[in-house]
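Each chain is listed here by its residues.
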Amino acid sequence: MAFNVVTIDETCPVCANPIRRRVQFKYGELRAHEYELGDVLRWGVNEEGVPAKLVLVEGVPEECPACGDDPEWVYEIVIRDNVIESATRGTTDPFAEADNNYIIVEP
């Protein structure tokens, strides 16, 4: 299955090391694009979803590059006006009841 990745800076909750965590997500053009916060999302072929004003996207974290911990939580990625605004550890799972791994908050 194709996906994209956004890389964020955070502290691993297990080993307490500062890390660059890769978070996989499925929204936009799915071609293994590598993104950072503030990047503009690409569209074109093999798309998931549609461009919208405000979208909440489920992110699946990769293991910690320092200690190898494989987190069980999801991340909430906020995409506003086609720009990746934030990616934070989710405190709930708003995607559990959703039909997709994204929620269009404002079309």
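What comes next is a walk through the structure. Not measured: the values here are computed from a predicted model. (Residues numbered from 1 in each chain as written. Predicted model: local features only at pLDDT ≥ 70, side-chain atom pairs only at ≥ 80, totals over all residues. Heavy atoms only, no water.)

**Quick word on the environment of V45**
Okay, step 1: By the element assignment, V45 lies in the loop between β4 (34-36) and β5 (47-48).
Okay, step 2: Sequence-wise, V45 and E29 are 16 residues apart; in three dimensions their C-alpha atoms are separated by 5.8 Å.
Okay, step 3: Excluding residues that lie within four positions of it along the chain, V45 makes contacts with E29, L30 and R31. (Helix = DSSP H or I, 4+ residues; strand = E, 2+ residues; numbered from the N terminus. Contact = heavy atoms within 4.5 Å.)

**Side note on the side chain of R21**
Okay, step 1: Locating R21 in the fold gives a position in strand β2 (residues 18-25).
Okay, step 2: Residue classification places R21 among the buried residues on the basis of a relative accessible area of 0%.
Okay, step 3: Polar side-chain contacts of R21 include one of 3.5 Å to the side chain of Y75. (Buried < 20%, exposed > 50% of the residue type's maximum accessible area, 1.4 Å probe, protein only. Polar contact = N/O pair within 3.5 Å; in protein donor to acceptor, adjacent residues only side chain to side chain.)

**A word on the nonpolar core**
Okay, step 1: Of all hydrophobic cores here, the largest spans 17 residues; its most connected members are V6, F25, Y27, V57, I77, I79 and I84.
Okay, step 2: Looking at this core element by element, the count peaks at three residues for strand β7 (residues 75-80).
Okay, step 3: Each residue touching F25, except ones within four places of it in the same chain, is listed here: F3, N4, V5, V6, L30, Y35, L41, V57, E58, G59, I77 and I84. (Core = buried A, V, L, I, M, F, W, Y, C linked by side-chain atoms within 4.5 Å.)

**Brief notes about the pattern of salt bridges**
Okay, step 1: Under the definition given, this model contains seven salt bridges.
Okay, step 2: Where R20 meets E36, a salt bridge forms, and the shortest distance between an N and an O atom there is 2.6 Å. Taken together, the residues R20 in strand β2 and E36 in strand β4 connect sequence positions 16 residues apart.
Okay, step 3: Note on R20: relative accessible area 41%, which makes it partly exposed.
Okay, step 4: Using a relative accessible area of 33% as the deciding quantity, one classes E36 as partly exposed.
Okay, step 5: Connected through salt bridges with shared partners, the residues D9, R20 and E36 form a single ionic network. (Salt bridge = Lys/Arg side-chain N within 4 Å of Asp/Glu carboxyl O.)

The values reported here are purely geometric and, on their own, carry no functional implication.
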